[in-house]
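Each chain, written out:
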Amino acid sequence: MKKISKILCLIAITALPLFAQQMFNACVENETVDCSVTLPTTFTTANAALPDPFRKLDGTRMTTREEWACRRQEIIRLAERTLYGTKPPKPSTVTGTVTNTSISVSVTEGGRSGNFSATVSLPTTGTAPYPAVIRYDNSGADATFLRNNGVAVINLTTSTVGGGTRAAKTGAFYTVSNTHSRTGHLAAWAWGVSRIIDVIEQSNGTILKADAIGVTGCSRSGKGAFVAGVLDSRIALTLPMESGTGGTNIMRGAHRDRDQGGGTNGSQSPSSAYGEQAWLGDDFSPFSTNPNNLPIDIHEVIASIAPRGFLVLDKTASSAGQWLGIPSSHAAAIAAADVYRALGVGGNMHYINTPTSSHCQWSADIYNTRLQNFINIFLHRTGTPGTEPLFTATAAPSMTTWVNWTTPALTGQLTLGGCGSTPPSSSSTGGASSSSSAGAVSSSSANMVQTETCQTPLIAYPTNTVPSDPYNACFRYTNDKCYVCKIENEGEFGGQVNTCASSWVWNGSQIENNLEDGYWYHEVPCPGTSSSSTTSSSSSSDGTLSSSSLASSSSSGTTSILSQYNQQDVVIVKYYNLQGQPLGTQKPITSGVYIVRNSKTGQTQMTVVK
């Protein structure tokens, strides 16, 4: 590796707990595309139970969270090969415009060109640039509710991107990507969503935020929104509504629970979904009547979205609820929640079903509060998730038929995400960080994060005494490291819960284990042993580093994080070339500008490799 020359700036975020260090969505379309994946040549698993999401293609099981990056890519490649068809990468040329009312997209690849557009409705509150949710065919999450919560609404007419019959597919995707004629509409629509995000990234950034995008839709559009969230790592929040078979239903469950007479007294079968429209890829045909041979199922596809936000909205009543296969969707969410939980981001997903009978009707009394929370967490970045997946639903289906694996206790931390501003750490008020206990925060820089240190007086441990103010207590343990309490969202009932308030947590005989697993506490700099800087590199409106920032790299700085810690502890948050153009996330093996984070301490800084 080339020599690290100079440091642009140092920003300490050691106070941030795991969920705050993890910044959810990525800055690139397929974050783990560089993982080496060799797919089997045949698929005859004949497995009636759901495949183990933690078992890799080489037969071994995951033991660390870092492994999820490439395990996720295995799942995506399998999903493309068996369920959806291939979504090709970004075409050689993507251009377009973003205005207050519309987005235009033009693409060229191999001499073939195509174009489509989408309408834009700006929020009724907040200031630009705005986060945005792409709605498929005016369906899914309520547009008025989104706009009233500071989120722009982009409406995509899916047929302009992918339509027609299986034998004669039409739309911009098939015009430009004529070598991918076996790809189904769902992946084609996802390609269209990715091109919209490309154009937003290339715009001047004064209207919409490219790093705060959600996607939603209902029914067939819910299927599409789900697949878009799977196939683009830049999407921060995925909101499928009543998506049914081909959407969030496990295929094995939809096949088992189908109406044997072909009516609507049971769930839509996989073969029916395959034949109704060209939603699924042509290669799904041999699995449509025997999904037990699928090497994956939808619970794993859902899990591949982790750690990004995922909120499912379902209905249970009348024939519509039966046809939608709610037990299969519910089972998929429960199985996927095991993965979210094992990765330490359980609170990033929520499943809801409601007895409201009208298909695609927005049930404000059920949906609004949870959607608002997810908007705040994943789009505005002003909220913090809880620790556990949430289910607001009727009686859960039995999982004994489906799950025969045990959830591993994964070690380490996730190495995914890192685009956009960091979510705030928890505080006793649940709002923005208080400057009294944090370093300066600059809203003009995505690189600035808060800094928290122990406040005096320190509490010496072990002890059996509950502090008078457990929310703000800070203590020095015998390992000469300092810790503060985590405060998490309490879940369905709202508010905050202090994880250190119980007397048993403060018992000296228990504290060492609690520190080790990081559940109750997070490590912070001890007084007099750390420092932080509020200096930040300047960036232009299009996300590139300014020339003045690069010029400043010749000044002296502190020791590089890359030399302080083992390489496996370093997470690349963002990577630029030496001209300041953003290039996503890469390992620090080439020249460029890296924003790096130590996964153990949370320390973040920017370095230049020349």
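Quick summary incoming for the structure in this document.

What counts and how
- Residues numbered from 1 in each chain as written.
- Predicted model: local features only at pLDDT ≥ 70, side-chain atom pairs only at ≥ 80, totals over all residues.
- Heavy atoms only, no water.
- Helix = DSSP H or I, 4+ residues; strand = E, 2+ residues; numbered from the N terminus.
- Buried < 20%, exposed > 50% of the residue type's maximum accessible area, 1.4 Å probe, protein only.
- Contact = heavy atoms within 4.5 Å.
- Areas by Shrake-Rupley, 256 points an atom, 1.4 Å probe, with all protein chains shown as cover.
- Phe/Tyr/Trp six-rings, centres within 6.5 Å; stacked < 30°, edge-to-face > 60°.
- Lys, Arg positive; Asp, Glu negative; His and termini not counted.
- Salt bridge = Lys/Arg side-chain N within 4 Å of Asp/Glu carboxyl O.
- Pairing = 2+ DSSP bridges.
- Axes fitted to C-alpha atoms, helices over the stretch in contact; angles between N-to-C directions.
- Disulfide = S-S within 2.5 Å.

### Some words on the overall build of the chain
So, step 1. Secondary structure assignment for the chain yields 15 helices and 22 strands.
So, step 2. Residues classed as buried in the chain amount to 56% of the 610 residues present.
So, step 3. Expressed as a percentage of contacts within the chain between residues at least 6 apart in sequence, the contacts between residues at least 24 apart total 70%.
So, step 4. Of the roughly 23100 Å² of accessible surface on the chain, a fraction of 49% belongs to carbon and sulfur atoms.

### Considerations on the packing of aromatic side chains
So, step 1. Tallied over the full model, the rule gives 10 aromatic pairs.
So, step 2. Plain terms: the ring middles of phenylalanine 173 and tryptophan 191 are 5.3 Å apart, the flat faces sit at 75° to each other, and that makes the pair edge-to-face. Highlighted residues: phenylalanine 173 in helix H4 (residues 172–176) and tryptophan 191 in helix H5 (residues 185–202), separated in sequence by 18 residues. A single burial state applies to phenylalanine 173 and to tryptophan 191, both of which are buried.
So, step 3. When the centroid spacing of 6.1 Å and the interplanar angle of 55° are considered together, the rings of phenylalanine 226 and phenylalanine 310 count as tilted. Taken together, the positions of phenylalanine 226 in helix H6 (residues 220–231) and phenylalanine 310 in strand S11 (residues 309–315) put the pair 84 residues apart, joining distant regions of the chain.
So, step 4. Among the aromatic residues, those joined into a ring-pair cluster are Phe24, Phe374 and Phe378.

### Quick notes on the environment of cysteine 419
So, step 1. If you trace the backbone, cysteine 419 turns up in the loop between strand S13 (390–392) and strand S14 (459–460).
So, step 2. Take cysteine 419: its relative accessible area is 7%, and that puts it in the buried class.

### Considerations on the side chain of glutamate 80
So, step 1. By the secondary structure assignment, glutamate 80 is in helix H2 (residues 68–84).
So, step 2. Arginine 77 provides the closest opposite charge to the buried, salt-bridge-free glutamate 80, at an N-O distance of 4.8 Å.
So, step 3. When sequence neighbours within four positions are dropped, the list of residues in contact with glutamate 80 reads Gly85, Thr86, Lys87 and Leu231.

### Considering the pairing of strand S4 (residues 112–121)
A regular strand carries its side chains on alternate faces of the sheet.
So, step 1. Note that strand S3 (residues 102–109) and S4 share 8 bridges and pair antiparallel. Residue pairing across strands places glutamate 109 opposite arginine 112, the latter belonging to S4.
So, step 2. Following S3, the chain reverses through 2 residues before pairing antiparallel with S4; glycine 110 in that reversal takes a positive phi of roughly 60°.
So, step 3. Sheet topology places S4 next to strand S6 (residues 152–156); 4 bridges connect them, and they run antiparallel. For threonine 119, the partnering residue across the bridge sits in S6 and is asparagine 155.

### Examining the sheet that holds strand S5 (residues 130–136)
So, step 1. Pairing is mixed in the open sheet, where 10 strands are placed in the order S2-S3-S4-S6-S5-S9-S10-S11-S12-S13. Edge strands, defined here as strands with exactly one partner in the open sheet, are strand S2 (93–98) and S13. Geometrically, the sheet is characterised by an average inter-axis angle of 20° between neighbouring strands, direction not taken into account.
So, step 2. In the sheet, strand S12 (residues 349–354) pairs with S13 via 3 bridges, with the strands oriented parallel.

### Considering the state of the cysteines
So, step 1. As enumerated under the stated definition, the model contains 3 disulfides in all.
So, step 2. In this model cysteine 35 forms its disulfide with cysteine 70; the gap between the sulfur atoms is 2.1 Å. A torsion of -80° about the S-S bond marks the disulfide between cysteine 35 and cysteine 70 as left-handed. Placement of cysteine 35 in the loop between helix H1 (18–21) and H2 and of cysteine 70 in helix H2 is noted, with a sequence separation of 35 residues between them.
So, step 3. By relative accessible area, which is 14% here, cysteine 35 ends up buried.

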